Amino acid sequence: MSTDAIVLLKEDHKEMRRLFKAFQDAEEGPASQRQKLVDQILEALTVHTYLENEVMYPEVRRLLPDLEDDILESYEEHHVADVLCAELASMNADDERFNAKTTVLIENVTHHVEEEEQDWFPKVRDALGRKQLQEIGEKMIALRADAPRTPAAPKAIKKALDAVTA
């Protein structure tokens, strides 16, 4: 398994895309199936954004101050996703707005992922050496087991509040 931070984040992105497609394929299916998929999406996003906010973004911000604007934009995109995740976590799949809210979340996250992979990751990879990306990745791996799994987890709430007050 790679410890390269960008490789790890791209693996998360791949899993999110898989979950997004599964939801889209199940959009007309039973509410229980959609609920299960959204629960999985919320867990994947909660863990992923936590790792980026706690490790990747602060490290890159420290090492590459020229990317400050990109990082601030990413924090804000995460905040929008956090709000949608919190709302979805409190909804039932049979709510009339459940599918629409999930679709908006998927669209926002997909946009964010595409920006990271096409623009931000190449800048970071070019500027940081392999060793630095592996060190950042090792920190992310170490933190993953203790990362919040739901938008209502205290660490996830703190992350969302930090975005509002920062």
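Everything below is about the structure printed above this text.
Residues numbered from 1 in each chain as written. Predicted model: local features only at pLDDT ≥ 70, side-chain atom pairs only at ≥ 80, totals over all residues. Heavy atoms only, no water.

A.B. asks: Sorry if this is basic, but what is going on with the overall build of the chain here?
C.D. replies: Scanning the chain from terminus to terminus reveals six helices and zero strands. Counting helices and strands in the order they occur from the N terminus, the chain gives α-α-α-α-α-α. A compact globule built from 166 residues would reach a C-alpha radius of gyration of about 15 Å, and the chain, at 16 Å, matches this within 12%. With the C-alpha coordinates aligned to their principal axes, the bounding extent of the chain is approximately 50 × 35 × 25 Å. Out of the 166 residues belonging to the chain, those deemed buried represent 43%. Intrachain contacts of the chain at a sequence separation of at least 6 include 76% that bridge at least 24 residues. Accessible area of the chain: about 8,900 Å², with a carbon and sulfur share of 52%. The averaged location of the 35 negative side-chain charges in the chain is 5 Å from the averaged location of its 21 positive side-chain charges. (Helix = DSSP H or I, 4+ residues; strand = E, 2+ residues; numbered from the N terminus. Rg over C-alpha atoms; globule rule 2.2 N^0.38 Å. Buried < 20%, exposed > 50% of the residue type's maximum accessible area, 1.4 Å probe, protein only. Contact = heavy atoms within 4.5 Å. Areas by Shrake-Rupley, 256 points an atom, 1.4 Å probe, with all protein chains shown as cover. Lys, Arg positive; Asp, Glu negative; His and termini not counted. Charge placed at Lys NZ, Arg CZ, Asp CG, Glu CD.)

A.B. asks: Explanation requested: empty space enclosed by the protein in the structure shown.
C.D. replies: Taking a probe equal in size to a water molecule and rolling it over the atoms shows the remaining empty space. As enumerated under the stated definition, the model contains one cavity of 30 Å³ or more in all. Volume-wise, the largest cavity comes out at about 90 Å³. Where the lining of the largest cavity is concerned, the elements lending two or more residues are helix 1 (5–26), helix 2 (31–63), helix 3 (68–89) and helix 4 (98–127). Sort the elements by how many residues they give to the lining of the largest cavity and helix 4 lands first, with four residues. In the lining of the largest cavity, the residues fall into five nonpolar, six polar and one charged. (1 Å grid on protein atoms, 1.4 Å probe; cavity = no way out; pocket = protein on both sides within 12 Å on 5 of 7 lines; lining within 4 Å. Points joined across faces, edges and corners; volume = space filled by probe spheres on them. Nonpolar A, V, L, I, M, F, W, Y, C, P; charged D, E, K, R; others polar.)

A.B. asks: Which parts of the structure should I look at to understand the packing of helix 1 against helix 5 (residues 130–144)?
C.D. replies: Two measures define how a pair of helices packs: the angle their axes make with one another and the distance between the axes. Between helix 1 and helix 5, the shortest axis-to-axis distance is 7 Å and the interhelical angle comes to 45°. The orientation of helix 1 relative to helix 5 falls into the category oblique. Residues Ala5, Ile6, Leu8, Leu9 and Asp12 of helix 1 touch helix 5, and the partners they reach there are Leu133, Ile136, Gly137, Met140, Ile141 and Arg144. (Axes fitted to C-alpha atoms, helices over the stretch in contact; angles between N-to-C directions. Parallel < 35°, antiparallel > 145°, perpendicular 65-115°, else oblique.)

A.B. asks: Can you walk me through the side chain of Arg34 in this structure?
C.D. replies: With respect to the helices, strands and loops of the structure, Arg34 is situated in helix 2. For the buried residue Arg34, which engages in no salt bridge, the nearest side chain bearing the opposite charge is Asp94, 7.4 Å off. Here Gly29 takes part through its backbone oxygen, which lies 3.3 Å from a polar atom of the side chain of Arg34. The contacts of Arg34, once residues within four sequence positions are left out, are Phe23, Ala26, Glu27, Gly29, Ala93, Phe98 and Asn99. (Salt bridge = Lys/Arg side-chain N within 4 Å of Asp/Glu carboxyl O. Polar contact = N/O pair within 3.5 Å; in protein donor to acceptor, adjacent residues only side chain to side chain.)

A.B. asks: Please explain helix 1 as it appears in this structure.
C.D. replies: Note on helix geometry: an α-helix contains 3.6 residues per turn, so any two residues three or four positions apart are oriented the same way. Across its 22 residues, helix 1 extends 32 Å between first and last C-alpha, which sits within 8% of the 32 Å expected from 1.5 Å per residue. For helix 1, every residue scored as buried is listed here: Ala5, Ile6, Leu8, Leu9, Asp12, His13, Met16, Leu19, Phe20, Phe23 and Ala26. Burial along helix 1 is one-sided: seen end-on, the buried residues are contained in an arc of 165°. Of the residues in helix 1, the exposed ones pointing more than 90 degrees away from the buried face are Lys14 and Asp25. If you follow the buried residues of helix 1, they end up packed against helix 2, helix 4 and helix 5. (Expected span 1.5 Å × (residues − 1). Arc of directions from axis to C-beta.)

A.B. asks: Sorry, what's going on with the side chain of Asp4 here?
C.D. replies: By the secondary structure assignment, Asp4 is in the segment before helix 1. Those residues in contact with Asp4 that lie beyond four places of it in its chain are Arg125, Leu133, Gln134 and Gly137.

A.B. asks: Help me out: how do you make sense of helix 2 in this one?
C.D. replies: The end-to-end C-alpha separation of helix 2 is 46 Å, in line with the 48 Å expected for 33 residues at 1.5 Å each. The principal kink in helix 2, of about 40°, is found at Glu52. (Bend = angle between axes of the 7 residues up to and from the residue.)

A.B. asks: Just checking my understanding: could you explain the environment of Ala5 for this structure?
C.D. replies: Within the secondary structure, Ala5 sits in helix 1. For Ala5 and Val55, which are 50 residues apart along the polypeptide, the C-alpha to C-alpha distance reads 9.6 Å. Leaving out residues up to four positions away in the same chain, Ala5 has contacts with Met56, Leu133, Ile136, Gly137 and Met140.

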